[in-house]
There are 2 protein chains.
Amino acid sequence: MPDNDSMTPARSFPLSDAPQPGLRERKKIKTRTAIRDATYALVREQGYDATTVEQIAERAEVSPSTVFRYFPTKEDIVLTDEYDPLLLAELRKRPAEEPWMDSLRYVMHKAIDVGLTEDAEAIRLRAHLMVQVPAVRSRMLESMSVTGRMLSEAIADRTGQDRESLEVRVYTMSLIGGLAEISLYWAENDFRDDFRDLLDRTLTVIEHGLPTKPDASGTE
Amino acid sequence: MPDNDSMTPARSFPLSDAPQPGLRERKKIKTRTAIRDATYALVREQGYDATTVEQIAERAEVSPSTVFRYFPTKEDIVLTDEYDPLLLAELRKRPAEEPWMDSLRYVMHKAIDVGLTEDAEAIRLRAHLMVQVPAVRSRMLESMSVTGRMLSEAIADRTGQDRESLEVRVYTMSLIGGLAEISLYWAENDFRDDFRDLLDRTLTVIEHGLPTKPDASGTE
DNA sequence: CATGAAATGAGAGTAACTCTCAAAAGGTAG
DNA sequence: CTACCTTTTGAGAGTTACTCTCATTTCATG
């Protein structure tokens, strides 16, 4: 642990219930963030492919075995986060009368605000790697589709559909696909756009489809 | 059934322009299909993970090096096909007045009809692997998103949007995500459904969004 | 402090790739 | 058919992500 925990500042809300369950658990969290921080640093220095797990282990001061004990794949070290369950919880908290899309918009905005203020650098790096490293992009899509499965349960409940219906599954995955594309677009355009704007435009497209003619009254 | 070309029957239309450019090219095609057929056979016998590239090479009677020369990754052996450019071409052939969704529906139907009569077994195996092997699923999404990039150009042209606009990209990827989900749904339900029905229902969802209430008048 | 459980490290092993270079086969001109 | 050039192939060594096992260390608890 050469430097401080700059990458993971104090959270404004708890991610799990138990605050300080014991020395063992605290150490595990420390190891986890140490591995992640080491990875981020090395990737920034050398790039993703040039960074080996051995190097990561060395800098994080753990053994390579331990790295794989904490993260199933190298890609997971970069892109795992803990926002998903949080997002789901927030979503279920929204009033049932609220139009579904409004709920989604609200929750996504909130998630972005939190993420962008807390882990701005990490989020950009992640989006950047998504563009550049196919393996990371793949894993991201995979991970998002897992999120999607949970999301589809929430959507099914809200819209009164069967959870396993094709319609819900397709709708959710199309949502996920669209959301994934935001990050790529954002990173490819050097993070110039406001992520919130991109999100709003994306949700509008998914809600209403493509405008048939180029829209001159848009935000851009 | 080990040897003949049962896996790749005579095509009802040409995939590339040059028919018989020479012995060299013909041999390459033969090697390519030999590797693919060997892979399919081995995967059916032992499963995907248990099948090594060495075994594939042995059965295809080539060296492991050659396998990697023809396919960049093991997953690509399973899921590479040549339908994409075909599909794009068909799409551009549709009359410009035709509503966009109708064009897409028509072309996808055609692709499914062709694929399902020519490579029915292979397509099922592929869908099955998509469900079971994460690496294959990831690679499929990746490959579909490449297709998506081409698709988005066609969509952009047809709808009069900029090719690089966020809207087109998001729309395309949401389409891709939805389409990918069909295969998963189909395979998870043991191929009981008619793929064409699933496709129609999927396109309807993408076009009109989720029905707010479970629809009793549907096809099911 | 002692005892049990969990986490770690060390090391061997697998398999998907990558790179290099020499041999073989296809294509072409005399 | 022979000679020559180009493309393709095979052999082999090397890298790295990832797995498994087992002994050792570290925390928790009575």
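To start, this report covers the structure provided alongside it.

**Examining the relation of the copies chain B and chain A**
Between the two copies, chain B and chain A, the superposition gives an RMSD of 0.1 Å; the rotation angle is 180° and the shift along the axis is 0.0 Å. Such a combination of rotation and displacement between the chain copies is what one expects of a two-fold axis. Proximity to the rotation axis, assessed at the C-alpha, singles out S174 of chain B in chain B; its C-alpha lies 1.9 Å from the axis. Of the interface residues in chain B, 100% have counterparts in chain A that sit at the interface too, so the contact is made through matching surfaces.

**Observations regarding the side chain of T51 of chain A**
All names here are of chain A. Note that T51 resides in the loop between α1 (23–46) and α2 (53–60). Residue classification places T51 among the buried positions, given a relative accessible area of 1%. A polar contact is formed between the side chain of T51 and the backbone oxygen of L42, at a distance of 3.5 Å. One polar contact links the side chain of T51 to the main-chain carbonyl oxygen of G47, over a distance of 2.7 Å. Residues within four places of T51 in sequence aside, it is in contact with L42, V43, Q46, I56 and K74.

**Re the packing of aromatic side chains**
As enumerated under the stated definition, the model contains four aromatic pairs over all chains in all. Taken together, a centroid distance of 4.8 Å and an interplanar angle of 85° make the contact between W186 of chain A and F195 of chain A edge-to-face. Each ring, one from W186 of chain B and one from F191 of chain B, has its centre 4.7 Å from the other, and the planes form 80°; the classification is edge-to-face. Members of the aromatic cluster, joined through ring pairs, are W186, F191 and F195 of chain A. We note K74 of chain B situated over the ring of Y48 of chain B; from NZ or CZ to the ring centre the distance is 4.4 Å.

**Description of the side chain of R36 of chain A**
Residues and elements named next belong to chain A. Its location among the elements puts R36 in helix α1. When its relative accessible area of 9% is taken as the criterion, R36 is described as buried. With residues up to four places along the chain from it excluded, the contact list for R36 reads F71, I77, T80 and E82.

Criteria and cut-off values
- Per chain, the residues get numbers from 1 upward, laid out in the order the sequence is written.
- The lettering of chains begins at A and the numbering of ligands begins at 1, in the order of writing.
- Note on the predicted model: pLDDT of at least 70 is required for a residue's local features to be given, and 80 or more for side-chain atom pairs to be given and counted; whole-chain, interface and lining totals, by contrast, use all residues.
- Hydrogens and water are ignored here; the side-chain numbers use all heavy atoms of the structure.
- Copies are brought into register by a least-squares superposition over C-alpha atoms of residues with pLDDT of at least 70 in both.
- Throughout, a contact is declared for two residues whenever any of their heavy atoms are within 4.5 Å.
- Helix and strand assignments follow DSSP, with helices taken as H or I runs no shorter than four residues and strands as E runs no shorter than two, numbered in order from the N terminus.
- Per-residue accessibility, obtained with a 1.4 Å probe over protein chains only, is compared with the maximum for each type, and a residue is labelled buried under 20%, exposed over 50%, and partly exposed between these values.
- Pairs of N or O atoms within 3.5 Å make up the polar contacts considered here, provided that, within protein, one atom can donate a hydrogen while the other can accept it, and that residues adjacent in sequence are counted only when both atoms are side-chain atoms.
- Between 30 and 60 degrees the pair is tilted, below 30 it is stacked and above 60 it is edge-to-face, where a pair is any two Phe, Tyr or Trp rings, Trp via its six-membered ring, whose centres lie within 6.5 Å.
- By definition, being over a ring means that NZ of Lys or CZ of Arg is both within 6 Å of the ring centre and within 35 degrees of the ring normal.

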